[in-house]
Amino acid sequence: MRVGIDFGTTRTVVAGVREGRYPVASFDTDAGFVEFLPGLASMTEGRLTLGSDVELTPGAPLVRSVKTAITGCAPDEHLRALPGAGLSALDLVTNYLRYVRHMIEEKSNLDLEAGEPIEAMIAVPAQASTRQRYLTMEAFERAGFSVLGLVNEPTAGAIEFARHTLGALSARSPKRYVVVYDLSGGTFDAAAVSLLDRRFDLLGTEGISALGGNDFDEIIAHHVVEHAGTTWEALSEVERAHLLERCRSAKESLTNGSKKLLVDVSGLFEAEQVVLDLAEIYEDAIPLVERTIASMDVLFQELARHGIDPENSRELGAVYLVGGSVQFPAVQRILRQH
């Protein structure tokens, strides 16, 4: 079985390869069938739980993102976020990927035979360091995957866009390239990929290694603690992790028409819930989104080296939005204005 795996900040998504089609795997969890596996890890009663098996019990040590927890770490570096686990960065991500492999084999709609090898192409952030790439590959191998290679996440997005779009482009089409705007939970990447001759040549990349949906969660969390009459500094590390996870869940429930944000804080504060004014949250998010736009503008200007006129919109196939955090309404609103 060959698969493509997006080992994301908050979610891991798996796609199979089947007769020229690439179905996204669905997984049977306690919440029903879902097309992703959460990047969670927790210690509950001395036992490590991962992904969809994690129960968000207030007070239990929680890692909101396995990927973020190991970013910047040496493979053998001990992780303090899960006291009592005694895990290094490599241990944690290996355990998580073993869980992912188990879910593919036992609880997915992908048709695998018993003991069938799983070959994987893995998407990584364009800004990932050499150490992060090595740690990721090593963990996948230790978890029982056969790694076919790594592909930068925005490049994968551009190929996916071109695969669905190129059939509609004639040989005379002026469209020469696509720009992928990739905002994940923890990183921002922008990439320009050529559409000429169906080669998908990477023309350039820009990015910010520590900016993503987690920053929006923190904005919401600071508003929550203010409404709750306490301070961020007064919360323990575990309390912060659980609050941020509640804020992420509330954030993902938003629609473009939402005016208020309801955050469940039961078990964390005296109140059961906090209701926030979204206009204030969006106002605080504007500088973050503007940083991503500034990075993307740098990429546009670099395209002149490839004979592309960045001011000629007819040559641009699209600005293609990928990554879970592009669903945050403030992002799309500001991008459209730009």
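Refer to the preceding data block for the structure.
All values derive from a computational prediction rather than experimental measurement.

A. Up close: the sheet that holds strand S5 (residues 37-38). What the five strands build is an open sheet, ordered S5-S2-S1-S9-S10; its pairing is mixed. Two strands lie at the open edges of the sheet, namely S5 and strand S10 (145-152), each paired on one side alone. Strands strand S1 (2-7), strand S9 (118-124) and S10 of the sheet are contacted by helix H3 (residues 130-142), whose axis makes an angle of about 155° with S10.

B. Examining the packing of aromatic side chains more closely. In total, this model carries eight aromatic pairs according to the counting rule given. A ring pair is formed by Phe140 and Phe145, whose centres lie 5.3 Å apart and whose planes are at 65°; its orientation type is edge-to-face. Just as Phe140 is buried, Phe145 falls in that class too. A ring pair is formed by Phe161 and Tyr320, whose centres lie 5.0 Å apart and whose planes are at 50°; its orientation type is tilted. Remark: Tyr320 occurs in strand S16 (residues 316-322) and Phe161 occurs in helix H4 (residues 153-165); sequence separation between them is 159 residues.

C. How the structure looks around the side chain of Thr292. Mapped onto the secondary structure, Thr292 falls in helix H7 (residues 278-302). In this structure Thr292 touches Tyr181, Leu183, Phe188, Ile208 and Leu211, once residues within four positions along its chain are discounted.

D. Representation of the packing of H7 against helix H8 (residues 329-337) within the structure. Across the interface, H7 lies against H8 with an axial gap of 9 Å and an inter-helix angle of 55°. On the basis of the axis angle, H7 is oblique to H8. Handedness of the H7/H8 crossing: right-handed. Side by side, H7 and H8 meet where Tyr282, Ile286, Val289, Ile293 and Met296 of the first sit next to Pro329, Ala330, Val331, Arg333, Ile334 and Leu335 of the second. Of the residues contributing to the contact of H7 with H8, the split by class is 10 nonpolar, no polar and one charged.

E. The arrangement of the pairing of strand S11 (residues 177-183) in detail. Buried residues dominate S11, accounting for seven of its seven residues. Here S11 shows a buried face lined by Tyr177, Val179, Tyr181 and Leu183 and a second buried face lined by Val178, Val180 and Asp182. Note: S11 against strand S12 (residues 188-194), seven bridges, orientation antiparallel. Its bridge partner lying in S12, Val180 is registered against Ala191. A loop of four residues connects S11 with S12, the two strands running antiparallel in sequence. Pairing geometry for S11 and S16, over five bridges, is parallel.

F. Seen up close, unusual backbone geometry. With phi around 50°, Glu19 is a residue other than glycine that occupies positive phi space. Looking at the element boundaries, Glu19 is found in the loop between strand S2 (11-16) and strand S3 (27-29). Of the residues examined, Glu19 reaches a relative accessible area of 77% and is grouped as exposed. In this structure, Glu45 takes a positive phi of about 55° despite not being glycine. Locating Glu45 in the fold gives a position in the loop between strand S6 (41-44) and strand S7 (47-50). On the basis of relative accessible area, Glu45 is assigned to the exposed category, the value being 83%.

G. How the structure looks around the environment of Leu276. Assignment of secondary structure puts Leu276 in strand S15 (residues 273-277). Of the residues examined, Leu276 reaches a relative accessible area of 1% and is grouped as buried. Residues in contact with Leu276, not counting those within four places in the same chain, are Ile220, His223, Val224, His227, Lys259, Lys260, Leu261, Val263 and Ile281.

H. Up close: the pairing of S6. Bridge count between S6 and S7: four bridges; the pairing is antiparallel. Note on S7: the bridge partner recorded for Ser42 is Thr49. The antiparallel pairing of S6 with S7 creates a hairpin that spans two residues between the two strands, and Glu45 there sits at a positive phi of about 55°. Inspection of the sheet shows S6 paired to strand S8 (residues 62-63) by two bridges, in the antiparallel sense. Counterpart to Ser42 in the pairing with S8 is Leu62.

I. Quick look at the nonpolar core. Core analysis: the largest hydrophobic core is formed by 49 residues, its most contacted members being Tyr177, Tyr181, Val224, Leu243, Leu261, Val263 and Phe328. Considering every element that reaches this core, the biggest residue donor is H7, with 10 residues. Judged by nonpolar contacts, the second largest core, of 40 residues, contains Ile5, Ile118, Ala120 and Ala139.

What counts, and where the lines are drawn
Residues numbered from 1 in each chain as written. Predicted model: local features only at pLDDT ≥ 70, side-chain atom pairs only at ≥ 80, totals over all residues. Heavy atoms only, no water. Pairing = 2+ DSSP bridges. Helix = DSSP H or I, 4+ residues; strand = E, 2+ residues; numbered from the N terminus. Contact = heavy atoms within 4.5 Å. Axes fitted to C-alpha atoms, helices over the stretch in contact; angles between N-to-C directions. Phe/Tyr/Trp six-rings, centres within 6.5 Å; stacked < 30°, edge-to-face > 60°. Buried < 20%, exposed > 50% of the residue type's maximum accessible area, 1.4 Å probe, protein only. Parallel < 35°, antiparallel > 145°, perpendicular 65-115°, else oblique. Left-handed = near helix turned anticlockwise from the far one by under 90°. Nonpolar A, V, L, I, M, F, W, Y, C, P; charged D, E, K, R; others polar. Core = buried A, V, L, I, M, F, W, Y, C linked by side-chain atoms within 4.5 Å.

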